[in-house]
Amino acid sequence: MENSKALKSGEFLVAETTAQDIFIPEEYNEEQLMIAQTCRDFLNTEVYPNLDKLDKQDRELMKEILKKSGDLGLMGVSIPEEYNGFGQSFVTQMLTAETIGAGYSFSVAFMAHCGIGTLPIMYYGNEEQRQKYVSRLATGELLGAYCLTEPGAGSDANSGKTNAKPSEDGTHYILNGQKMWITNAGFADTQVVFAKIENDRVLSAFIVESSMPGVVVAPDEKKMGIKGSSTAQIFYNDVKVPAENLIGARGEGFRIALSILHMGRLKLGANVIGAAKKAISDSVKYANERKQFCVLISTFGAIKHKLAEQVIRTFGHESATYRVSYDIDRLIDEMKATGMDKGRATIEAISHYAVEAALLKVYGSEMLDFVADEAVQIHGGMGYSAEMAVERGYRDSRINRIFEGTNEINRLLVVDTAMKRAMKGDFDLFDEAEKLSNDLQNVACKPSGSESYFEEKQLYIKNLKKVALLAIDGASKQFGKKLVQEQEVLNNISDIMMQVYIAESMALRINKLEAMKGAGSCSVYRDILDVYLYDSADLVRKSGSDAVNSFAQPEQIPVMLSAIEALTKVPALNVKESRRRIADKLIADNEYKF
Ligand SMILES: Cc1cc2nc3c(=O)[nH]c(=O)nc-3n(C[C@H](O)[C@H](O)[C@H](O)COP(=O)(O)OP(=O)(O)OC[C@H]3O[C@@H](n4cnc5c(N)ncnc54)[C@H](O)[C@@H]3O)c2cc1C
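Just so it is clear, the structure is predicted and the values come from calculations on it, not from any experiment.

A. Representation of the overall build of the protein in the model. Secondary structure summary: the protein contains 19 helices and 10 strands in total. A compact globule built from 594 residues should have a C-alpha radius of gyration of about 25 Å, and the protein, at 24 Å, falls within 12% of that. Counting only C-alpha atoms and orienting by the principal axes, one finds that the protein spans roughly 75 × 60 × 45 Å. Counting all 594 residues of the protein, 53% fall into the buried class.

Written out as structure tokens, the structure reads:
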């Protein structure tokens, strides 16, 4: 795998990738599987028995469990050894995030600590700051929080009013302001706080210790879900923050905040896989026990449809998540080879994949909401009972569409970032798009009949990519610089890009899997791909048509719509039988084992 080629962020829209170029979850090594097992054991012994108590907002208990996970080494997975961590690869970090993702509100507290609460100091802090804070955050001796949001500054994060005034002798800053919705606020020892120094236009980042005089933490918010996770406002009243606690340079805070959000989005993309697999396993176990009309409900076609759909979307999202995770690992290695510090190389590589990070955040959080919702439905009335895990899962999943940048913001970012990268010259998007627009009659590739199963799938996926290119080209020409104001059209394009990336990642994964295991043992995976592509083509057709109808001149519309029709044509499929086969495997396994 070492010599294979990683794509640039967003390049998937125009490039072709081979199965050998990607990493798939079936390639985890023994150490990775062992780390995942340790996380699962931890959830089983320390988290699941305590969920009811945690949901009663027992801050002390959450703190205790977090510390235990630190004692076990789970908090050090992303931290280099010199700061008491284990310096694992990005793929392993994501696998840890996935596994802990099945831990309901514990997962939110754990991820906020290990990710946004620790990594800004690891990636942007100096050696003294890393030694003083990161080495203790990595073991759970200290617990961390990340404080960006304010009452008046949510999506528009740079508009915060929290202010840091340098003292006259230059030894410290005097911090005043207020933060809101801060995860782990109730027990965090350290906070990464974003504030503007004097009248700066952009933020700076500081390490604030919760014990510093003037730091006041409000009681926990009463929330819809993730009730066990402490979320509160924090007030800063003339807090004296030592000058040496500035992270990076003055004014670098906004860049730090954005980079850390890219990382948070990717990790959220991994978290939701664990939560989805847990909800699917809960769903099928119930369906295999509950009888109505004298038979198990898992024998009903309507229930099989739901189970299969839960699997298909989870499998697709997982395929894409580990594809980009490995791309990030390759870029980290490339950057380290140029002499870059490992922490910096990691965050630079993560930030590079901003398109995929936003895409996975949106697709993954919506995938989990779908899975969690169907899990409740499969349980019928019991799904509405607080006794059942799926009830908690349903409430807890909803937050993922809101934090780490709302899905509205991230949908916009997917397209905007890809276009900016293309303009920068990372890949040729606009020439490709222009070529297609000039030959709309012949735009669709048609299978000749001599292609292999996977070659044919790639051809259809290539056609779907062309819909995205046509929409980008047409909308950019029509709106020019005003395209940023056409959010509905950007959303259409973003939705197409998501479908394409998931479909392609799934196809490449199954192709590689067949090469590893033999086609005979993979037929159900072909069912997954067949159904996904069949549905995906329809979604792309709808999004593409909506976009065209919103930007094209009346005389252009018919020809553009017929091009989209041709590009989204996929073979007929007995989706009912394909879904039944997928569900039957799940039902036989009685848990998610794909
Ligand atoms: C449980 C929980 C935990 C959290 N943890 C943390 C934490 O640890 N640290 C932290 O700093 N923050 C945290 N947050 C804050 C979270 O990141 C913000 O809530 C989020 O960024 C959205 O900001 P907002 O709530 O102000 O919504 P707003 O920005 O007011 O958005 C309201 C609506 O308008 C939409 N919108 C806003 N701007 C645009 C635009 N330009 N175009 C289109 N639509 C737009 C949004 O998508 C949304 O639908 C947490 C929030 C919650 C609920």
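Back to the write-up after that little detour.
B. Geometry of the site of the ligand. Taken together, 20 residues are adjacent to the ligand, and Leu 148, Gly 154, Ser 155, Thr 406 and Glu 408 come closest. Listed by contribution, the elements that provide at least two residues to the shell around the ligand are β1 (144-147), β3 (172-183) and α13 (407-424). It is β3 that provides the largest number of residues to the shell around the ligand, a total of 3 residues. Class assignment of the residues belonging to the shell around the ligand gives a composition of 10 nonpolar, 8 polar and 2 charged. Structurally, the shell around the ligand is a two-domain feature, drawing no fewer than three residues from each of domain 2 (145-247) and domain 3 (253-409).

C. The arrangement of the domain arrangement of the protein in detail. Each assigned domain of the protein is listed here: domain 1 (11-143), domain 2 (145-247), domain 3 (253-409) and domain 4 (428-589). Each partner contributes residues to the interface: domain 1 has 8 residues there, and domain 4 has 16 residues. Residues that form the side of domain 1 that touches domain 4 fall into these classes: 6 nonpolar, 1 polar and 1 charged.

D. View of the pairing of strand β4 (residues 190-197). Counting buried residues along β4, 7 of its 8 residues qualify, which places the element largely inside the surrounding structure. Pairing analysis gives 4 bridges linking β1 to β4, with the strands arranged parallel. Looking at β4, one finds that Tyr 146 is bridged to Val 192. Pairing of strand β2 (residues 163-166) with β4 involves 2 bridges; the strand directions are parallel. Bridge assignment links Ala 164 to a residue of β4, and that residue is Ile 197. For β4 and strand β5 (residues 204-209), the ladder comprises 6 bridges, and the chain directions are antiparallel. Within the sheet, the bridge partner assigned to Gln 191 lies in β5 and is Val 208. Between β4 and β5, which pair antiparallel and follow one another directly, the connecting turn spans 6 residues, one of which, Glu 198, has a positive phi of 45°.

E. Spotlight on helix α5 (residues 104-116). An ideal rise of 1.5 Å per residue puts 18 Å on 13 residues; α5 measures up with 18 Å between its terminal C-alpha atoms. Buried residues dominate α5, accounting for 13 of its 13 residues.

F. Broad picture of the nonpolar core. Counting 189 residues, the largest nonpolar core has Phe 206, Leu 359, Ala 468, Ala 471, Ile 493 and Met 497 as the members making the most contacts within it. Top element by residues in this core is helix α8 (residues 253-287). It accounts for 18 residues. Apart from residues lying up to four places away in sequence, Ala 471 is in contact with Asn 492, Ile 493, Ile 496, Gly 544, Ala 547 and Val 548.

G. Representation of the packing of helix α17 (residues 523-551) against helix α19 (residues 575-589) in the model. One can describe the packing of α17 onto α19 by two numbers: an axis separation of 9 Å at closest approach and a directional angle of 135°. Between α17 and α19, the crossing angle belongs to the class labelled oblique. The two elements α17 and α19 meet at a crossing, and its hand is left-handed. The residues of α19 that touch α17, namely those facing Val 524, Asp 527, Ile 528, Asp 530, Val 531 and Tyr 534, are Val 575, Ser 578, Arg 579, Arg 581, Ile 582 and Lys 585. Considering only residue class, the contact of α17 with α19 consists of 6 nonpolar, 1 polar and 5 charged.

H. Helix α3 (residues 59-71), seen in detail. With 13 residues, α3 should reach 18 Å at 1.5 Å per residue; the first-to-last C-alpha distance of 18 Å fits that figure. Within α3 the residues assigned to the buried category are Met 62, Ile 65, Leu 66, Ser 69 and Gly 70. Down the axis, α3 shows its buried residues gathered within 150° of arc, on one side only. With respect to the buried face of α3, the exposed residues turned more than 90 degrees away are Glu 60 and Asp 71. In this structure, the buried side of α3 is in contact with α1 (30-47), α2 (51-55) and α5. Looking one or two residues beyond α3, the residue adopting positive phi is Gly 73, at roughly 95°.

I. Examining the environment of Glu 514 more closely. Topologically, Glu 514 is positioned in helix α16 (residues 487-517). Given 19 C-beta atoms within 10 Å, Glu 514 falls into the partly exposed group. Put simply, Glu 514 and Arg 330 are 184 residues apart on the chain and 24 Å apart in space, counted from C-alpha to C-alpha.

J. Structural detail: unusual backbone geometry. The phi torsion at Ile 226 lies on the positive side, around 30°, for a residue other than glycine. At Glu 404, a residue that is not glycine, the phi angle is positive and equals roughly 60°. For Glu 404, the location among the structural elements is in the loop between α12 (389-397) and α13. On the neighbour-count criterion, Glu 404 (28 C-beta atoms within 10 Å) is buried.

Thresholds, definitions, all that
- Residues numbered from 1 in each chain as written.
- Predicted model: local features only at pLDDT ≥ 70, side-chain atom pairs only at ≥ 80, totals over all residues.
- Helix = DSSP H or I, 4+ residues; strand = E, 2+ residues; numbered from the N terminus.
- Rg over C-alpha atoms; globule rule 2.2 N^0.38 Å.
- Buried ≥ 20, exposed ≤ 12 C-beta atoms within 10 Å, placed from the backbone.
- Near = placed C-beta within 6 Å.
- Nonpolar A, V, L, I, M, F, W, Y, C, P; charged D, E, K, R; others polar.
- Domains from an automatic or database assignment.
- Contact = placed C-beta atoms within 7 Å.
- Pairing = 2+ DSSP bridges.
- Expected span 1.5 Å × (residues − 1).
- Core = buried A, V, L, I, M, F, W, Y, C linked by C-beta atoms within 7 Å.
- Axes fitted to C-alpha atoms, helices over the stretch in contact; angles between N-to-C directions.
- Parallel < 35°, antiparallel > 145°, perpendicular 65-115°, else oblique.
- Left-handed = near helix turned anticlockwise from the far one by under 90°.
- Arc of directions from axis to C-beta.

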